[in-house]
Amino acid sequence: MTTVERAVIRDTAQVMGTVFSFCLTAPRGMRRAEVRAALGSAVDELRRVDREFSPYRDDSLVARVRRGELRPETYPPRLVEVIDRCAAMRAATDGWFDAWAVPGGFDPSGLVKGWAVERAAARLADVGISDFAVNGGGDIVVRGTAPHGGPWRVGIRNPHDPRSVVMVLAMTHGAVATSAGYERGEHIVNPHTGEPATVPRVASATVVGPDLGTADAYATALYAAGQPGLAWFPTPDGCEALTVADDLTGTYTQGVARLRVAGPA
């Protein structure tokens with residue numbers, strides 16, 4: 001029977017229009033088949049979330065809500081959870097995150113991708129895998145230690161150069177979400193005007209916290225709001241923030257400073 005002696009396992013999957021990558025250290029004694037099954041379960045969860053919440057699928061829950069085919073009293077529990085969390089984030093960000101102020105009438109994507117990564121990470125933790133990182137298109141959940149035995153090193157991408165980073169954070173438990181225009185163009189809308197979020201300008205907005213769904217939504221809101229949005233942080237649920245200006249000047253909270261191992265002082 002084949003077992004994994006603290007082997008480092010890496011895998012990738014294409015879901016939600018982006019690449020999800022996994023890096024984990026399997027516990028001693030865990031069979032290789034068990035590791036692969038756990039990874040398969042994590043990817044299955046991502047695909048389920050995509051089926052249910054993609055705004056681009058005609059059969060998704062989001063599409064059915066938009067068309068008025070579902071009444072609130074018939075919403076399945078997962079949809080209720082996402083709607084409730086979107087409403088809470090709208091209140092927490094003074095309306096700068098608003099899943100209803102978008103073309104089509106409802107699009108929770110700014111929260112759902114991070115929520116999906118957290119659910120995939122839970123599939124790994126549930127079978128006893130405690131040292132892993134899951135990266136969903138640049139939004140990351142980390143647990144435990146990295147393959148070298150120390151904290152995970154999470155780089156915050158230079159918004160003008162994908163080959164370099166503006167800061168490196170050392171983390172053993174938590175999530176990092178970044179919103180910017182470098183991957184999909186100016187796709188984030190100012191919910192108060194309906195126009196692309198370009199003023200007050202930041203090149204990218206990063207939020208660090210205990211939960212990636214929450215961090216994802218805050219990062220979306222912070223990118224839309226710009227520098228004034230830093231006033232929300234630190235949040236009661238432990239989120240901290242970093243904004244990067246066009247000239248690569250970084251402005252960040254004390255919680256980010258405590259995690260920083262490289263980058264601007």
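Criteria and cut-off values
- Residues numbered from 1 in each chain as written.
- Predicted model: local features only at pLDDT ≥ 70, side-chain atom pairs only at ≥ 80, totals over all residues.
- Heavy atoms only, no water.
- Helix = DSSP H or I, 4+ residues; strand = E, 2+ residues; numbered from the N terminus.
- Rg over C-alpha atoms; globule rule 2.2 N^0.38 Å.
- Buried < 20%, exposed > 50% of the residue type's maximum accessible area, 1.4 Å probe, protein only.
- Contact = heavy atoms within 4.5 Å.
- Areas by Shrake-Rupley, 256 points an atom, 1.4 Å probe, with all protein chains shown as cover.
- Axes fitted to C-alpha atoms, helices over the stretch in contact; angles between N-to-C directions.
- Parallel < 35°, antiparallel > 145°, perpendicular 65-115°, else oblique.
- Nonpolar A, V, L, I, M, F, W, Y, C, P; charged D, E, K, R; others polar.
- Pairing = 2+ DSSP bridges.

1. Focus: the overall build of the protein chain
- Looking only at helices and strands, the protein chain features 6 helices and 13 strands.
- Relative to the 2.2 N^0.38 estimate, which gives 18 Å for 265 residues, the radius of gyration of the protein chain is 19 Å and therefore close to what a compact globule would have.
- Projected onto its principal axes, the C-alpha positions of the protein chain cover 60 × 50 × 30 Å.
- The burial tally for the protein chain puts 50% of its 265 residues in the buried class.
- Sequence separation of at least 24 residues holds for 59% of the intrachain contacts in the protein chain that already meet a minimum separation of 6.
- Accessible surface, the protein chain as shown: approximately 12,000 Å² in total, 51% of it carbon and sulfur.

2. Comments concerning the packing of helix α1 (residues 32–53) against helix α3 (residues 77–92)
- The geometry of α1 relative to α3 is characterised by a closest axis approach of 12 Å and an angle of 80° between their N-to-C directions. It follows from the interaxial angle that α1 and α3 lie roughly perpendicular. When α1 is examined against α3, the residues E45, R48, V49, E52 and F53 are found in contact with a partner set consisting of R78, L79 and V82.
- Within the contact of α1 with α3, the residues separate by chemical class into 4 nonpolar, no polar and 4 charged.

3. What about the sheet that holds strand β3 (residues 18–25)?
- Taken in spatial order, the 8 strands of this open sheet run β2-β3-β5-β6-β9-β10-β11-β12, and their pairing is antiparallel. Each having just a single partner strand, β2 (8–15) and β12 (250–252) make up the two edges of the open sheet. Recorded for the sheet is a direction-independent mean angle of 10° between the axes of neighbouring strands.
- Sheet topology note: the strand β5 (residues 131–136)/strand β6 (residues 139–143) ladder contains 5 bridges and is antiparallel. In the sheet register, A133 faces β6, and the bridge partner there is V142.
- Strands β2 and β3 of the sheet are contacted by α1, whose axis makes an angle of about 25° with β2.
- Helix α5 (residues 212–225) rests against β6, β9 (173–180), β10 (204–209) and β11 (240–244) of the sheet, and its axis sits at about 30° to β9.

4. Quick word on the side chain of E45
- One can find E45 in helix α1.
- The class of E45 is buried, set by a relative accessible area of 1%.
- Excluding anything up to four places from it in sequence, E45 contacts R78, R119, A120 and R123.

5. Side note on unusual backbone geometry
- Here the bond from F233 into P234 is cis, since omega is -5°, no more than 30 degrees from zero.
- Residue placement: P234 occurs in the loop between α5 and β11.
- The backbone of M16 shows a phi angle near 55°, a positive value even though the residue is not glycine.
- One non-glycine residue, L248, lies in the positive phi region at around 70°.
- If you trace the backbone, L248 turns up in the loop between β11 and β12.

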